[in-house]
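Report on the structure
This is what each chain is made of:
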Amino acid sequence: MTNQHPAPAAPLRARMIADMSARNLGPASQTSHLRACKRFASWLGRSPETASPDDVKHFQLHLIESGTSICTRNQTMTGVMFLFRVTLRRHDLAAEVFHLKKPVKVPVALSRNEVRRILAMAPCLKARVMLSLAYGCGLRASEVVRLKAGDIVPEARLRHDGEQDIIRIVQSKGRKDRNVMLPVDILSLLRVWWTERPTVNDRGVSGPDRALFPGYCGRHLSARQISRLFKQAVLAAGITKPVTLHTLRHSFATHLLERGVDIRIIQALLGHAKLTTTAHYACVATTARQAIAQQSAERGA
């Protein structure tokens, strides 16, 4: 049941895009839903409009048997569910969709020393600034690369001394705004970067709207580029843990917990909708404290 066939007909795709736009779904969600429906149509071999309940059951079985991760599988079925429930209004098909429970894993966190080593081995100033923002402010990769001068301080503040401890994150995950702390040392790095960043694409763009990390054609860098820079720094620092750029965000939350910062404050800084999401870091922090206590006891003995 894995034959390659054409994607859904253009009229159905257009209807689905209109339905998603009407419900104010973000670009990333729309792309994900369309990719999911294209995968379903390719497997089905005909238009999803002709699907049967058995087809939906077999497609979900196919995803499991083909080794698709639980996260990707659930994401795929979320997009297919939107097609069934909203665009096609086929509630008999939507009733056959089920989601698998993801295993709860303790996030991997870096020690403060490991973070310092990674930042020290950043391949360039731009990488060091971006990685410092990811860790020191607990930002996601997409939030770092989309930062504009006006999200931090007025443009003049980046060139001159001034008191500032806030970064404004605009319309991030879940279409939410939030404010995060901006440590003084990172603000100093930002001022240095502001004097060295390429300005070829600044022409015609107002100061507050200028990308902190410009890419090609006036756009900001992609999240893939900052992830690649992180991997280079990790390799150079000799870190062998299975880490990703998001590990810096995990480490930010874990280190705040270990310092005794209230978990609800950390929830607000991370932009989590649910406290239970933030509470996952408590396991890492507790483990770290126990390890430190054990090491201290061994030294004392």
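Residues numbered from 1 in each chain as written. Predicted model: local features only at pLDDT ≥ 70, side-chain atom pairs only at ≥ 80, totals over all residues. Heavy atoms only, no water.

So, on to the overall build of the protein chain. A tally of regular secondary structure across the protein chain gives 15 helices and 2 strands. Out of the 301 residues in the protein chain, the part that is buried amounts to 42%. Considering only contacts within the protein chain whose residues lie at least 6 apart along the sequence, 65% involve residues at least 24 apart. Accessible area for the protein chain stands at about 16700 Å²; split by element, carbon and sulfur atoms hold 54% of it. (Helix = DSSP H or I, 4+ residues; strand = E, 2+ residues; numbered from the N terminus. Buried < 20%, exposed > 50% of the residue type's maximum accessible area, 1.4 Å probe, protein only. Contact = heavy atoms within 4.5 Å. Areas by Shrake-Rupley, 256 points an atom, 1.4 Å probe, with all protein chains shown as cover.)

Before going further, it helps to spend a moment on the packing of aromatic side chains. Considering all chains together, one arrives at 5 aromatic pairs under this definition. Note on Phe-40 and Phe-59: the rings are 5.0 Å apart at their centroids and 70° apart in plane angle, and the pair reads as edge-to-face. Of the two residues, Phe-40 sits in helix 2 (residues 27-44) while Phe-59 sits in helix 3 (residues 53-65), which places them 19 residues apart along the sequence. Ring geometry for Trp-43 against Phe-59: centres 5.4 Å apart, planes inclined by 55°, an arrangement best described as tilted. Within this pair, whereas Trp-43 is found in helix 2, its partner Phe-59 is found in helix 3, the two being separated by 16 residues in sequence. Three or more aromatic residues joined by ring pairs form one cluster here, namely Phe-40, Trp-43, Phe-59 and Phe-84. The lysine or arginine in question, Arg-197, covers the ring of Trp-194, its NZ or CZ lying 4.5 Å from the ring centre. (Phe/Tyr/Trp six-rings, centres within 6.5 Å; stacked < 30°, edge-to-face > 60°. Lys NZ or Arg CZ within 6 Å of the ring centre and 35° of its normal.)

With 86% of its residues at a pLDDT of at least 70, the protein chain reaches an overall mean of 85. At the level of individual helices and strands, the protein chain shows its lowest average pLDDT in helix 10 (residues 155-159), which scores 47, and its highest in helix 4 (residues 70-87), which scores 96. Contacts for the low-pLDDT stretch residues 1-9, under 50 throughout, to residues beyond four places or in other chains number 17 contacts. (pLDDT = per-residue confidence, 0-100.)

A separate point is the pairing of strand 1 (residues 166-169). Here strand 1 shows one buried face, formed by Ile-167 and Ile-169, and one open face, formed by Ile-166 and Arg-168. Bridge analysis of strand 1 against strand 2 (residues 178-181) gives 4 bridges, and the strand direction is antiparallel. The residue of strand 2 that forms the bridge with Arg-168 is Asn-179. (Pairing = 2+ DSSP bridges.)

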